[in-house]
Amino acid sequence: MSYAIIGFGKIGQALAKAFARKGIEVSVATTRDPESFASDAAAIGPTIIPKTLADAVKADIIFLAVRFESHPDVAKALPSWEGKTIIDATNVFPVPEELDGLPSSAFVAKAFTGAKLVKGFNHLIAATLAADPIVEGGHRVVFLSSDDEDAIAPVADLAKQLGFAPVKLGKLNEGGALVHARGRTWGQLIFQDLFKKEQ
(Lines give C-alpha, C1' and ligand atoms only; values in the text may rest on other atoms or scores of the structure.)
Protein backbone atom coordinates (compact mmCIF):
# COMPACT_ATOMS: atom_id res chain seq x y z
CA MET A 1 0.00 0.00 0.00
CA SER A 2 1.23 3.49 -0.78
CA TYR A 3 0.03 6.60 1.04
CA ALA A 4 -0.22 10.30 0.32
CA ILE A 5 -1.39 13.40 2.16
CA ILE A 6 -2.76 16.21 -0.02
CA GLY A 7 -2.59 19.47 1.88
CA PHE A 8 0.24 20.46 4.19
CA GLY A 9 -1.39 22.89 6.59
CA LYS A 10 -1.93 22.08 10.26
CA ILE A 11 -3.91 18.87 9.64
CA GLY A 12 -1.65 17.64 6.84
CA GLN A 13 1.43 18.18 9.02
CA ALA A 14 -0.26 16.49 11.99
CA LEU A 15 -0.96 13.42 9.83
CA ALA A 16 2.63 13.49 8.54
CA LYS A 17 3.86 13.43 12.17
CA ALA A 18 1.77 10.30 12.80
CA PHE A 19 3.44 8.57 9.82
CA ALA A 20 6.91 9.80 10.83
CA ARG A 21 6.46 8.49 14.37
CA LYS A 22 6.00 4.96 12.97
CA GLY A 23 8.61 5.32 10.21
CA ILE A 24 5.99 4.77 7.49
CA GLU A 25 6.69 6.46 4.16
CA VAL A 26 4.07 8.93 2.93
CA SER A 27 4.06 11.39 0.03
CA VAL A 28 2.95 14.94 0.79
CA ALA A 29 1.73 17.41 -1.81
CA THR A 30 -0.08 20.69 -2.24
CA THR A 31 -1.01 22.60 -5.37
CA ARG A 32 2.35 24.40 -4.90
CA ASP A 33 5.82 23.34 -5.98
CA PRO A 34 7.23 20.67 -3.59
CA GLU A 35 10.35 22.81 -3.07
CA SER A 36 8.19 25.35 -1.21
CA PHE A 37 7.47 22.94 1.67
CA ALA A 38 10.43 20.53 1.41
CA SER A 39 12.14 21.94 4.52
CA ASP A 40 8.93 21.58 6.60
CA ALA A 41 8.61 17.97 5.44
CA ALA A 42 12.28 17.25 6.24
CA ALA A 43 11.81 18.73 9.71
CA ILE A 44 9.07 16.16 10.42
CA GLY A 45 11.12 13.16 9.34
CA PRO A 46 12.91 11.26 6.55
CA THR A 47 9.83 9.19 5.59
CA ILE A 48 7.85 12.34 4.64
CA ILE A 49 8.43 12.74 0.90
CA PRO A 50 7.45 16.04 -0.82
CA LYS A 51 6.01 15.44 -4.29
CA THR A 52 4.03 17.21 -6.96
CA LEU A 53 0.26 16.71 -6.80
CA ALA A 54 0.43 14.67 -10.05
CA ASP A 55 2.93 12.24 -8.44
CA ALA A 56 1.29 12.09 -5.01
CA VAL A 57 -2.10 11.02 -6.39
CA LYS A 58 -0.51 7.79 -7.66
CA ALA A 59 -0.80 6.48 -4.07
CA ASP A 60 -3.41 3.84 -3.13
CA ILE A 61 -4.73 5.65 -0.05
CA ILE A 62 -4.89 9.44 -0.13
CA PHE A 63 -5.67 11.76 2.77
CA LEU A 64 -7.54 14.88 1.72
CA ALA A 65 -6.35 17.55 4.15
CA VAL A 66 -7.06 20.71 2.15
CA ARG A 67 -9.65 23.39 2.86
CA PHE A 68 -13.11 22.05 1.91
CA GLU A 69 -13.49 24.61 -0.90
CA SER A 70 -10.20 23.43 -2.47
CA HIS A 71 -11.28 19.80 -2.95
CA PRO A 72 -12.47 20.29 -6.58
CA ASP A 73 -8.95 21.52 -7.51
CA VAL A 74 -7.44 18.31 -6.11
CA ALA A 75 -10.09 16.17 -7.85
CA LYS A 76 -8.97 17.59 -11.23
CA ALA A 77 -5.55 15.92 -10.78
CA LEU A 78 -6.92 12.65 -12.21
CA PRO A 79 -9.68 11.96 -14.77
CA SER A 80 -10.71 8.84 -12.79
CA TRP A 81 -9.97 7.87 -9.19
CA GLU A 82 -10.86 4.20 -9.77
CA GLY A 83 -8.97 1.88 -7.41
CA LYS A 84 -8.12 4.66 -4.93
CA THR A 85 -9.35 5.32 -1.42
CA ILE A 86 -9.77 8.94 -0.35
CA ILE A 87 -9.76 9.66 3.39
CA ASP A 88 -11.70 12.88 3.78
CA ALA A 89 -10.20 14.74 6.75
CA THR A 90 -11.90 18.03 5.80
CA ASN A 91 -14.51 19.90 7.80
CA VAL A 92 -16.77 22.70 6.61
CA PHE A 93 -18.50 25.13 8.97
CA PRO A 94 -21.02 26.63 8.68
CA VAL A 95 -22.31 24.27 6.00
CA PRO A 96 -22.73 26.00 2.62
CA GLU A 97 -26.11 26.02 0.87
CA GLU A 98 -24.84 24.15 -2.20
CA LEU A 99 -24.54 20.91 -0.18
CA ASP A 100 -28.33 20.78 -0.26
CA GLY A 101 -28.59 18.64 2.88
CA LEU A 102 -25.85 16.17 1.90
CA PRO A 103 -23.11 15.35 4.44
CA SER A 104 -20.02 17.27 3.24
CA SER A 105 -18.13 14.00 2.58
CA ALA A 106 -20.90 12.75 0.28
CA PHE A 107 -20.52 16.04 -1.61
CA VAL A 108 -16.72 15.59 -1.76
CA ALA A 109 -17.17 11.99 -2.98
CA LYS A 110 -19.03 13.24 -6.07
CA ALA A 111 -15.89 15.16 -7.17
CA PHE A 112 -13.61 12.09 -6.94
CA THR A 113 -15.16 9.94 -9.66
CA GLY A 114 -14.61 6.21 -9.06
CA ALA A 115 -12.86 6.54 -5.69
CA LYS A 116 -13.94 4.91 -2.46
CA LEU A 117 -14.33 7.62 0.15
CA VAL A 118 -13.95 7.29 3.91
CA LYS A 119 -14.64 10.15 6.31
CA GLY A 120 -11.94 9.94 8.97
CA PHE A 121 -9.24 11.68 11.02
CA ASN A 122 -11.35 14.86 10.88
CA HIS A 123 -12.76 15.14 14.40
CA LEU A 124 -9.57 16.02 16.28
CA ILE A 125 -7.86 19.40 16.33
CA ALA A 126 -4.42 19.40 14.66
CA ALA A 127 -2.40 19.57 17.89
CA THR A 128 -4.20 16.49 19.27
CA LEU A 129 -3.93 14.60 15.98
CA ALA A 130 -0.18 15.32 15.90
CA ALA A 131 0.39 13.99 19.44
CA ASP A 132 1.32 10.38 20.22
CA PRO A 133 -2.02 8.47 20.11
CA ILE A 134 -0.88 5.92 22.69
CA VAL A 135 -1.61 7.28 26.14
CA GLU A 136 -1.95 5.54 29.52
CA GLY A 137 -2.46 2.07 28.10
CA GLY A 138 -5.05 3.27 25.60
CA HIS A 139 -5.19 4.35 21.97
CA ARG A 140 -6.72 7.61 20.75
CA VAL A 141 -9.92 6.95 18.81
CA VAL A 142 -10.45 7.93 15.16
CA PHE A 143 -13.93 7.62 13.72
CA LEU A 144 -14.42 6.15 10.24
CA SER A 145 -17.56 6.23 8.11
CA SER A 146 -18.21 5.40 4.47
CA ASP A 147 -21.00 4.51 2.07
CA ASP A 148 -18.65 1.83 0.71
CA GLU A 149 -18.40 -1.07 3.15
CA ASP A 150 -15.13 -2.41 1.67
CA ALA A 151 -13.39 0.93 1.99
CA ILE A 152 -13.27 1.07 5.78
CA ALA A 153 -11.15 -2.06 6.45
CA PRO A 154 -7.86 -0.88 4.84
CA VAL A 155 -8.27 2.56 6.44
CA ALA A 156 -8.90 0.93 9.84
CA ASP A 157 -5.73 -1.16 9.34
CA LEU A 158 -3.74 1.98 8.58
CA ALA A 159 -5.20 3.75 11.62
CA LYS A 160 -4.02 0.83 13.79
CA GLN A 161 -0.53 0.92 12.22
CA LEU A 162 -0.38 4.62 13.14
CA GLY A 163 -1.31 3.76 16.75
CA PHE A 164 -4.96 4.88 16.71
CA ALA A 165 -8.06 2.90 17.67
CA PRO A 166 -10.45 2.96 14.68
CA VAL A 167 -14.16 3.07 15.50
CA LYS A 168 -16.52 2.38 12.60
CA LEU A 169 -19.62 4.57 12.44
CA GLY A 170 -21.26 3.04 9.35
CA LYS A 171 -22.65 5.12 6.51
CA LEU A 172 -21.98 8.84 6.03
CA ASN A 173 -25.56 9.94 6.68
CA GLU A 174 -26.07 7.47 9.56
CA GLY A 175 -23.34 7.18 12.23
CA GLY A 176 -21.18 9.39 10.01
CA ALA A 177 -23.53 12.29 10.77
CA LEU A 178 -21.89 12.43 14.23
CA VAL A 179 -18.64 13.67 12.64
CA HIS A 180 -20.22 16.08 10.15
CA ALA A 181 -21.43 19.59 10.77
CA ARG A 182 -25.09 20.30 9.96
CA GLY A 183 -26.05 23.88 9.26
CA ARG A 184 -24.45 25.85 12.09
CA THR A 185 -24.06 22.89 14.46
CA TRP A 186 -20.98 20.68 14.83
CA GLY A 187 -21.53 16.91 14.89
CA GLN A 188 -21.65 15.47 18.42
CA LEU A 189 -18.33 13.60 18.13
CA ILE A 190 -16.31 16.44 16.60
CA PHE A 191 -13.54 17.59 19.00
CA GLN A 192 -14.24 14.65 21.39
CA ASP A 193 -10.85 13.26 22.38
CA LEU A 194 -11.61 9.65 23.33
CA PHE A 195 -9.43 6.63 24.12
CA LYS A 196 -9.94 2.93 23.81
CA LYS A 197 -8.24 0.84 26.50
CA GLU A 198 -6.26 -2.27 25.58
CA GLN A 199 -8.48 -5.33 26.00
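Participant: So what exactly am I meant to see when it comes to unusual backbone geometry here?
Facilitator: Across the chain, the bulk of peptide bonds are trans and the bulk of non-glycine residues have phi less than zero. Each neighbour pair has its own omega, and for phenylalanine 93 with proline 94 the value is -10 degrees, a cis peptide bond. Assignment of secondary structure puts proline 94 in the loop between β5 (85–88) and α5 (104–111). Of note in the backbone geometry, aspartate 100 takes a positive phi value of approximately 55 degrees without being a glycine. Residue classification places aspartate 100 among the exposed residues on the basis of a relative accessible area of 72%. The backbone of glutamate 136 sits at a positive phi, close to 45 degrees, despite the residue not being glycine. By secondary structure assignment, the location of glutamate 136 is in the loop between β7 (134–135) and β8 (138–145). Of the residues examined, glutamate 136 reaches a relative accessible area of 71% and is grouped as exposed.

Participant: What should I look at first to understand the nonpolar core in this one?
Facilitator: Inside soluble globular proteins, nonpolar side chains tend to come together where they are buried. Ranked by internal contacts, the top residues of the largest apolar core, which has 36 residues, are Ile5, Phe19 and Phe121. Counting residues per element, the ones that place at least two in this core are β1 (3–6), α1 (10–22), β2 (26–29), α2 (38–44), β4 (61–64), α6 (126–130), β8 and α7 (149–161). Setting aside its immediate chain neighbours within four residues, isoleucine 5 contacts Gly12, Leu15, Ala16, Phe19, Val26, Ser27, Val28, Ala29, Phe63 and Ala65. Counting 23 residues, the second-largest nonpolar core is a separate cluster that includes Val57, Val66, Trp81 and Leu172.

Participant: For this particular structure, what's the right way to read the pairing of β8?
Facilitator: Along β8, eight of the eight residues are buried, which leaves the element largely enclosed by surrounding structure. Relative to β8, strand β6 (residues 116–120) runs antiparallel, the two being bridged by two bridges. Bridge pairing links lysine 119 to serine 145 in β8. As defined by bridge partners, β7 adjoins β8 across two bridges and the pair is classed as antiparallel. Counted as the bridge partner of valine 135 is glycine 138 from β8. Remark: two residues form the turn of the hairpin made by β7 and β8, two consecutive strands paired antiparallel; glutamate 136 in that turn has positive phi of roughly 45 degrees. In this structure, β8 lies alongside strand β10 (residues 195–197), joined through three bridges in antiparallel fashion. Its bridge partner lying in β10, arginine 140 is registered against phenylalanine 195. Examined bridge by bridge, β8 and strand β9 (residues 165–170) share five bridges and lie parallel to one another. Note on β9: the bridge partner recorded for valine 141 is alanine 165.

What counts as what
Residues numbered from 1 in each chain as written. Predicted model: local features only at pLDDT ≥ 70, side-chain atom pairs only at ≥ 80, totals over all residues. Heavy atoms only, no water. Helix = DSSP H or I, 4+ residues; strand = E, 2+ residues; numbered from the N terminus. Buried < 20%, exposed > 50% of the residue type's maximum accessible area, 1.4 Å probe, protein only. Core = buried A, V, L, I, M, F, W, Y, C linked by side-chain atoms within 4.5 Å. Contact = heavy atoms within 4.5 Å. Pairing = 2+ DSSP bridges.

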